[in-house]
Amino acid sequence: VTSAVAFDILPLKLHPFSQSTPTGLDCVGWKRRISSPVIADGALDKTALTDDVGSEEDLYEDFRSSNHRYGHPGGGGEQLAINELISDGSVVYAEALWDHVTMDDQELGFKAGDVIEVMDATNKEWWWGRILDSEGWFPASFVRLRVNQDEPMEDYPLKVEGGKEGDSSSGTRRFGMGQTTKDQMRTNVINEIISTERDYIKHLKDICEGYIKQCRKRADMFTEEQLKTIFGNIEDIYRCQKKFVKALEKKFNKDHPHLSEVGSCFLEYQTEFQIYSEYCNNHPNACMELSRLAKVNKYVYFFEACRLLQKMIDISLDGFLLTPVQKICKYPLQLAELLKYTNPQHRDFKDVEAALNAMKNVARLINERKRRLENIDKIAQWQSSIEDWEGEDVLVRSSELIYSGELTKISHPQAKSQQRMFFLFDHQLVCCKKDLLRRDILYYKSRINMDDMEILDVEDGKDKDFNISVKNAFKLHCRDTEEVHLFCAKKPEQKQRWLKAFENERRQVQLDQETGFSITEVQKKQAMLNASKQHHTGKPKAVTRPYYDFLMRQKHPTLPTTLPQQQVFMLAEPKRKPSNFWQNISRLTPFRK
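Residues numbered from 1 in each chain as written. Predicted model: local features only at pLDDT ≥ 70, side-chain atom pairs only at ≥ 80, totals over all residues. Heavy atoms only, no water.

- Identification of the protein chain as ARHG4 factor from Pluvianellus socialis is taken from an unreviewed UniProt entry.
- In its Subcellular location (unreviewed entry) section, the UniProt record describing the protein chain reads: "Cytoplasm". (UniProt positions renumbered as here; feature names shortened; annotations may be inferred.)

Quick look at the structure:
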């Protein structure tokens, strides 16, 4: 009660970056607890956003002065129901959609897929929960309520008083329901898949019709390039999802949902779902552009007016734009749960099993592309730290550091040996020299085009090409010019790591060609520009990430006030604060020396 009252007195902030809730928790806590902008049914038609009305600010103020309240149907009813269940002694479980990484001792850390006992959902942004013997606050948008609250919990033992595992039969009912059969469990999952798909289609429709259509009417405010940055290819996703939900509904058995055969639908659309990769890669740019526009009042009022005219639930545009990112990551969770309650004899079993693997691969591909894009900032920072750099930037041809380490390079004609640091990127091998006094400073020396090279393993003993005895050696041979480079490692295991790294480099190049992965010129230039600015300051500069800032905003005043020391990232490994050169390189390199 105290926390709810404290939340009521918070002032209204006209900031478009409030925390959003994942699909599947659509009814939880959307209703504002203070007077909010409103629109009565039929009060205004959608032409009200054209130039013949007043400014967006006037329109917004008209909405604010209305006597009606508009919110999501049911408002915070489901959130209230959750708390009533908790108060009655029922146990409510949620599954983690994303990793929540935190070093704050008042917050509960977890990994995607973990099951959390929700102990307090009074605040719509942050809930109090427990995993085993750990308790703390966690973001409500990082979890979804379990479909089968009555599912036996032997796979997820919870600690109770006294440190003993609790009886899974106590309090595992779902909103008062008794123990259900496996078929009923499958019915619950099928119903959730169908209902969330319908809700998702409405989300996408609202974005396309409520925002994009209105933005295109205002050429004085938005260019096509801006709209592409903000909304990405969400219209393509909308068209794809409409076809997908129709296919699902054809397979849905209304009379006996547990007999529905939906696995084939996911298999049929697995290739089309790869369009989410483009959207996820663009999403950080969208949030940065929205963050920039949020500094101008007319855009804040315009976006809020769009939401109200479309009668959309009470979250801001960035919350809606996050939904596709969450959705593509949720499919493997749903399919894993569906497979769990599908008997091996069920006609849908093999398709669901194949669909789960297919959607995991889609999510993995998207995650990998996201990680690669985030790595380009690190690569740009690395290059800016190299002295006497010559030639084109690394990012012109490369986007991934495969391996790095020290090698002895032997050159013709006198078989001169040199100790050098080598950095193997996709498409190229960069050679640097350490400073004699300050060993953390590197000087650029040369690079080798790996597209023209073949790798030759050299046996220990005398090499006939260089007429010297070698150990732990290998060669790079240019097929076009017959040029040969000889390298020696200090230990046999180091040589094997390099040989494996060269294989991985070729594999990475081939995979990029097959999947069409590329980095835009704008992204390359921006990464180099950021690195250049940071390098000139002479000291590390904190990396700002508007894309994720909104995830941790608007904490309840009674909750911990300090932000986690380690930000949470949706589709990639958590990005750490900039550190010194060698630590950056060790994180980029998949092998440890």
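## Points about the overall build of the protein chain
Phase 1: Check the secondary structure of the protein chain and you find 15 helices and 14 strands.
Phase 2: A sequence separation of at least 24 residues applies to 69% of the contacts in the protein chain between residues at least 6 apart.
Phase 3: Looking at the protein chain as shown, the accessible area adds up to about 28200 Å², and 49% of this sits on carbon and sulfur atoms. (Helix = DSSP H or I, 4+ residues; strand = E, 2+ residues; numbered from the N terminus. Contact = heavy atoms within 4.5 Å. Areas by Shrake-Rupley, 256 points an atom, 1.4 Å probe, with all protein chains shown as cover.)

## Quick notes on the state of the cysteines
Phase 1: One pass over the structure, following the stated rule, counts zero disulfides.
Phase 2: Counting only cysteine sulfurs, Cys306 is the nearest neighbor of Cys215, a cysteine outside any disulfide, at a range of 5.4 Å.
Phase 3: Residue classification places Cys215 among the buried residues on the basis of a relative accessible area of 1%.
Phase 4: With no disulfide of its own, Cys432 has Cys431 as its nearest cysteine by sulfur position, at a separation of 6.6 Å.
Phase 5: Since its relative accessible area comes to 0%, Cys432 is described here as buried. (Disulfide = S-S within 2.5 Å. Buried < 20%, exposed > 50% of the residue type's maximum accessible area, 1.4 Å probe, protein only.)

## A few points about the nonpolar core
Phase 1: In terms of nonpolar packing, the biggest core is built from 84 residues, with Phe222, Phe231, Phe266, Phe273, Phe303 and Ile328 touching the most fellow members.
Phase 2: Residue contacts for Phe303: discarding those within four places in its chain leaves Tyr211, Cys215, Phe222, Leu290, Leu293 and Leu317.
Phase 3: Formed by 22 residues, the second largest nonpolar core is a distinct cluster that contains Ile386, Phe423, Ala527 and Met528. (Core = buried A, V, L, I, M, F, W, Y, C linked by side-chain atoms within 4.5 Å.)

## Brief notes about the packing of helix α10 (residues 317–340) against helix α11 (residues 349–385)
Phase 1: Axis separation between α10 and α11 bottoms out at 9 Å; the angle between their running directions is 155°. Relative to α11, the element α10 lies roughly antiparallel. Between α10 and α11 lies a crossing of left-handed hand. On α11, the residues that touch Ile328, Tyr331, Pro332, Leu335, Ala336, Leu338 and Leu339 of α10 are Phe349, Val352, Glu353, Ala355, Leu356, Met359, Lys360, Val362, Ala363 and Ile366.
Phase 2: Class assignment for the residues of the contact of α10 with α11 results in 15 nonpolar, no polar and two charged. (Axes fitted to C-alpha atoms, helices over the stretch in contact; angles between N-to-C directions. Parallel < 35°, antiparallel > 145°, perpendicular 65-115°, else oblique. Left-handed = near helix turned anticlockwise from the far one by under 90°. Nonpolar A, V, L, I, M, F, W, Y, C, P; charged D, E, K, R; others polar.)

## Here we look at the sheet that holds strand β4 (residues 134–139)
Phase 1: With antiparallel pairing, the five strands of this open sheet are ordered in space as β4-β3-β2-β1-β5. Looking at strand neighbours, the two that pair on one side only are β4 and β5 (143–145), the edges of this open sheet. With direction set aside, neighbouring strand axes in the sheet form an average angle of 45°.
Phase 2: Pairing geometry for strand β2 (residues 115–120) and strand β3 (residues 126–131), over three bridges, is antiparallel. (Pairing = 2+ DSSP bridges.)

## Concerning the sheet that holds strand β13 (residues 473–478)
Strand pairing within a sheet occurs via backbone hydrogen bonds; the two strands may be parallel or antiparallel.
Phase 1: Taking strand neighbours across the sheet as the criterion, the seven strands line up as β9-β8-β7-β6-β14-β13-β10 in an open arrangement whose pairing is antiparallel. Every other strand in the sheet has two partners, leaving β9 (442–449) and β10 (453–458) as the edge strands with one partner each. Taken over all neighbouring pairs, the strand axes of this sheet differ in orientation by 35° on average, direction set aside.
Phase 2: Note that β10 and β13 share six bridges and pair antiparallel. Opposite Glu454, over in β13, you have His477 as the bridge partner.
Phase 3: Strand contacts of α11: β6 (401–411), β7 (416–425), β8 (428–434) and β9, with the helix running at about 155° to β7, the strand carrying the most contacts.

## Thoughts on the packing of helix α4 (residues 182–217) against α10
Phase 1: Packing of α4 against α10 brings their axes to within 11 Å, and their N-to-C directions diverge by 160°. Put simply, α4 runs roughly antiparallel to α10. You can see that α4 and α10 cross each other, and the crossing is left-handed.

## What to know about helix α9 (residues 297–309)
Phase 1: Spanning 13 residues, α9 covers 18 Å between terminal C-alpha atoms, matching the ideal 18 Å at 1.5 Å per step.
Phase 2: When you tally the buried positions in α9, you get eleven out of 13 residues, the bulk of the element.
Phase 3: Where α9 is concerned, the buried positions are Tyr299, Val300, Tyr301, Phe302, Phe303, Glu304, Ala305, Cys306, Arg307, Leu308 and Leu309. (Expected span 1.5 Å × (residues − 1).)

## Quick notes on the environment of Ala358
Phase 1: In this structure, Ala358 sits in helix α11.
Phase 2: Residues Ala358 and Pro332 lie 26 residues apart in sequence; the distance between their C-alpha atoms is 8.7 Å.

## Considerations on unusual backbone geometry
If a residue is not glycine, its phi is most likely negative; likewise, a peptide bond is most likely trans.
Phase 1: One non-glycine residue, Lys311, lies in positive phi territory at about 55°.
Phase 2: With respect to the helices and strands, Lys311 occurs in the loop between α9 and α10.
Phase 3: Its identity as a non-glycine residue notwithstanding, His427 has a phi of 85°, on the positive side.
Phase 4: Along the chain, the position of His427 falls in the loop between β7 and β8.

## Describing the packing of aromatic side chains
Phase 1: Per the stated rule, a full pass over the model turns up 26 aromatic pairs.
Phase 2: Note on Phe244 and Tyr269: the rings are 5.5 Å apart at their centroids and 75° apart in plane angle, and the pair reads as edge-to-face. Here the residue Phe244 occupies a position in helix α6 (residues 234–251), and Tyr269 occupies one in helix α7 (residues 263–269), the gap between them amounting to 25 residues. With respect to class, Phe244 is no different from Tyr269; both count as buried.
Phase 3: Members of the aromatic cluster, joined through ring pairs, are Tyr211, Phe222, Tyr299, Phe302, Phe303 and Phe320.
Phase 4: One cation-aromatic arrangement involves Lys242 over Tyr238; the distance from NZ or CZ to the ring centre is 4.5 Å. (Phe/Tyr/Trp six-rings, centres within 6.5 Å; stacked < 30°, edge-to-face > 60°. Lys NZ or Arg CZ within 6 Å of the ring centre and 35° of its normal.)

## What about the pairing of strand β14 (residues 484–488)?
Phase 1: With respect to burial, β14 is a largely interior element, four of its five residues being buried.
Phase 2: The pairing of β6 with β14 spans three bridges and is antiparallel. Within the sheet, the bridge partner assigned to Lys409 lies in β14 and is Phe487.
Phase 3: When β13 meets β14, the two strands line up antiparallel, connected through five bridges. When the sheet's bridge partners are listed, Leu476 is paired in β14 with His485.
Phase 4: Between β13 and β14, which pair antiparallel one after the other, the connecting turn spans five residues, and Glu482 there sits at a positive phi close to 65°.

## Section: the confidence of the model for the protein chain
Phase 1: Looking at the protein chain, the pLDDT average stands at 75 and 70% of residues meet or exceed 70.
Phase 2: Low pLDDT, under 50, characterises residues 1–54; the stretch is placed with 156 contacts to residues that sit more than four places away or in other chains.
Phase 3: Under a pLDDT of 50 for its full length, residues 589–593 has, in the predicted model, 17 contacts with residues more than four places off or in other chains. (pLDDT = per-residue confidence, 0-100.)

## Focus on α10
Phase 1: With 24 residues, α10 should cover 34 Å at 1.5 Å per step; its first-to-last C-alpha distance of 35 Å lies within 8% of that length.
Phase 2: At Lys330, α10 shows its strongest bend, of approximately 30°, with the proline Pro332 following within four residues.
Phase 3: Within α10, 22 of the 24 residues are buried, which leaves it mostly tucked inside the rest of the structure. (Bend = angle between axes of the 7 residues up to and from the residue.)

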